[in-house]
Amino acid sequence: MNNPCSQFQLQWEAEVVEYVQFLWDKTQTSWLKKNEPNKLGFSVPLLGPWFVPLSYLHIQKCSGGGAIEPTTQYLKPLNIVHPFYYPRLALSIFVADQL
């Protein structure tokens, strides 16, 4: 890639998508449990659908005042459109499959 910031942006987006997919997998209803949804632990934060990268101040507080990579300051926010956040989207996909 020519632009090093795009690599960090893609990595940021991949991590967000992986997190959303994890939430989706953990909260899907299991057919074996007769439509009882799986449960997340208390330690799993529910974030989204609007993901904003940490600001300079947050990074500085988390790292204890260490060196901060400038490329992380150029990450763009990400909005995820997924059935986990928009349940009607899952319903429309299900209805379209039935046609």
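Scroll up to find the structure this text is about.
All figures in this text were calculated on a predicted structure; none of them were measured in a lab.

Engineer: Residue-level account of the overall build of the protein chain, with values.
Structural biologist: Within the protein chain one finds three helices and four strands. Helices and strands appear in the protein chain in the N-to-C order α-β-β-β-α-β-α. Classification of the 99 residues of the protein chain by burial places 17% in the buried group. Sequence-distant contacts in the protein chain: of pairs separated by 6 or more residues, those separated by 24 or more amount to 58%.

Engineer: Hey, could you go over the packing of aromatic side chains for me, with residue numbers and the actual values?
Structural biologist: Enumeration over the complete set of coordinates arrives at two aromatic pairs. Consider the rings of Tyr19 and Phe51, whose centres lie 6.0 Å apart with planes at 80 degrees: the pair is edge-to-face. Taken together, the residues Tyr19 in helix H1 (residues 4-27) and Phe51 in strand E3 (residues 50-51) connect sequence positions 32 residues apart. Take Phe51: its relative accessible area is 8%, and that puts it in the buried class.

Engineer: I'd like a description of the environment of Val16, backed by residues and values.
Structural biologist: Secondary-structure assignment places Val16 in helix H1. A relative accessible area of 5% places Val16 in the buried class. Taking the C-alpha atoms as reference points, Val16 and Ile80, 64 residues apart in sequence, are found 8.5 Å from one another.

The rules we used
- Residues numbered from 1 in each chain as written.
- Predicted model: local features only at pLDDT ≥ 70, side-chain atom pairs only at ≥ 80, totals over all residues.
- Heavy atoms only, no water.
- Helix = DSSP H or I, 4+ residues; strand = E, 2+ residues; numbered from the N terminus.
- Buried < 20%, exposed > 50% of the residue type's maximum accessible area, 1.4 Å probe, protein only.
- Contact = heavy atoms within 4.5 Å.
- Phe/Tyr/Trp six-rings, centres within 6.5 Å; stacked < 30°, edge-to-face > 60°.

Purely geometric stuff here, so don't read any function into it on its own.
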